[in-house]
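Notes for the structure review
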Amino acid sequence: MEVRPIWNRVASSHHELILERRRASWLIVLSRHAETHLHRRLVDIRDCEMASTTADGRLEAHDRSVVERAELALEMRSGARLTR
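Below: a short report on this structure. (Residues numbered from 1 in each chain as written. Predicted model: local features only at pLDDT ≥ 70, side-chain atom pairs only at ≥ 80, totals over all residues. Heavy atoms only, no water.)

Some thoughts on the overall build of the protein
Note the following rule: Each helix is a run of H or I in the DSSP string that is no shorter than four residues. Each strand is a run of E no shorter than two, and both are numbered from the N terminus. We call a residue buried when its accessible area falls under 20% of the maximum for its residue type, exposed when it is over 50%, and partly exposed in between, using a 1.4 Å probe and counting protein chains only. Only heavy atoms matter for contacts: two residues are in contact if any of them lie within 4.5 Å across the pair. Methods summary: accessible areas were calculated by the Shrake-Rupley approach with a probe of 1.4 Å, and residue burial reflects only the protein chains presented.
Check the secondary structure of the protein and you find 3 helices and 0 strands. The secondary structure elements of the protein, listed N-terminal to C-terminal, are α-α-α. Across the 84 residues of the protein, 27% fall into the buried class. For the protein, the proportion of contacts with a sequence separation of at least 24, taken over those separated by at least 6, is 57%. As presented, the protein carries roughly 6100 Å² of accessible surface, and 57% of it is formed by carbon and sulfur atoms.

This is the structure:
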């Protein structure tokens, strides 16, 4: 849920890079494919960040922390599934 406002902000300024154009909804967390949606949002955020040529296109410290924690959580869940 913390990723949603970050994605909405970067998607609005780099709409040409976003594959799924729907605004992120808090209902995504209830989806059967919540992890897939989260991964897509994180990829979009990182793509927009890399494409930005100005310092204001970079994530602020709080937003960067949220994105990094979400990436780590997905990585840990993915690793847990592989070892079962």
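Some details on helix α2 (residues 34-51)
Going by this rule: Between the first and last residue of a helix there are one fewer steps than residues, each counted as 1.5 Å, and that sum is the expected span. Our arc is simply the arc of the directions from the helix axis toward the C-beta atoms.
With 18 residues, α2 extends 26 Å from end C-alpha to end C-alpha; this agrees with the ideal 26 Å at 1.5 Å per step. Regarding α2, the residues found buried are Arg41, Leu42, Asp44, Ile45, Cys48 and Glu49. Buried positions in α2, seen along its axis, are confined to an arc of 155 degrees and lie on one side of it. Set apart from the buried face of α2 by more than 90 degrees, the exposed residues are Thr36 and Met50.

Some details on the side chain of Asp63
In this fold, Asp63 is placed in helix α3 (residues 61-82). Those residues in contact with Asp63 that lie beyond four places of it in its chain are Ile6 and Arg9.

Details of the nonpolar core
Just so we agree on the cut-off: Throughout this description, the term nonpolar core refers to a set of buried Ala, Val, Leu, Ile, Met, Phe, Trp, Tyr and Cys residues connected via side-chain atoms within 4.5 Å.
Residues Val3, Ile6, Leu42, Ile45, Leu59 and Val67 are the most contacted members of the largest nonpolar core, which totals 14 residues. Elements with a minimum of two residues in this core: α1 (3-13), α2 and α3. Ignoring any residue separated from it by four or fewer positions in sequence, one finds Leu42 in contact with Val3, Val67, Ala70, Glu71 and Leu74.

Digging into the environment of Glu2
Inclusion rule: Polar contact is defined as a pair of N or O atoms within 3.5 Å, subject to the rule that within protein one atom must be able to donate a hydrogen and the other to accept it, and that residues adjacent in sequence are counted only when both atoms are side-chain atoms.
By the secondary structure assignment, Glu2 is in the segment before α1. Judged by relative accessible area, which is 42%, Glu2 ranks as partly exposed. Each residue touching Glu2, except ones within four places of it in the same chain, is listed here: His62, Val66 and Arg69. Here Arg69 takes part through its side chain, which lies 3.4 Å from a polar atom of the side chain of Glu2.

Thoughts on the environment of Leu59
Structurally, the position occupied by Leu59 is in the loop between α2 and α3. Sequence separation between Leu59 and Ile6 is 53 residues, and the spatial gap between their C-alpha atoms is 8.7 Å. Ignoring sequence-local partners within four residues, the contact set of Leu59 consists of Ile6, Val10, Ile45, Arg46, Glu49, Arg64 and Val67.

As for the pattern of salt bridges
We count it as follows: When a carboxyl oxygen of Asp or Glu lies within 4 Å of a side-chain nitrogen of Lys or Arg, that pair is called a salt bridge.
On inspection of all chains with the given rule, the structure shows 6 salt bridges. The salt bridge partner of Glu2 is Arg69, with a shortest N-O separation of 3.4 Å. Of this pair, Glu2 sits in the segment before α1 while Arg69 sits in helix α3, and the two are 67 residues apart along the sequence. Looking at Arg69, the relative accessible area reads 44%, which means it is partly exposed. The shortest N-O distance in the salt bridge between Asp44 and Arg40 comes to 2.7 Å. Here Arg40 and Asp44 lie together in helix α2, a separation of 4 residues that amounts to about one turn. In this structure, a network of salt bridges that share partners links the residues Arg46, Glu49 and Glu71.

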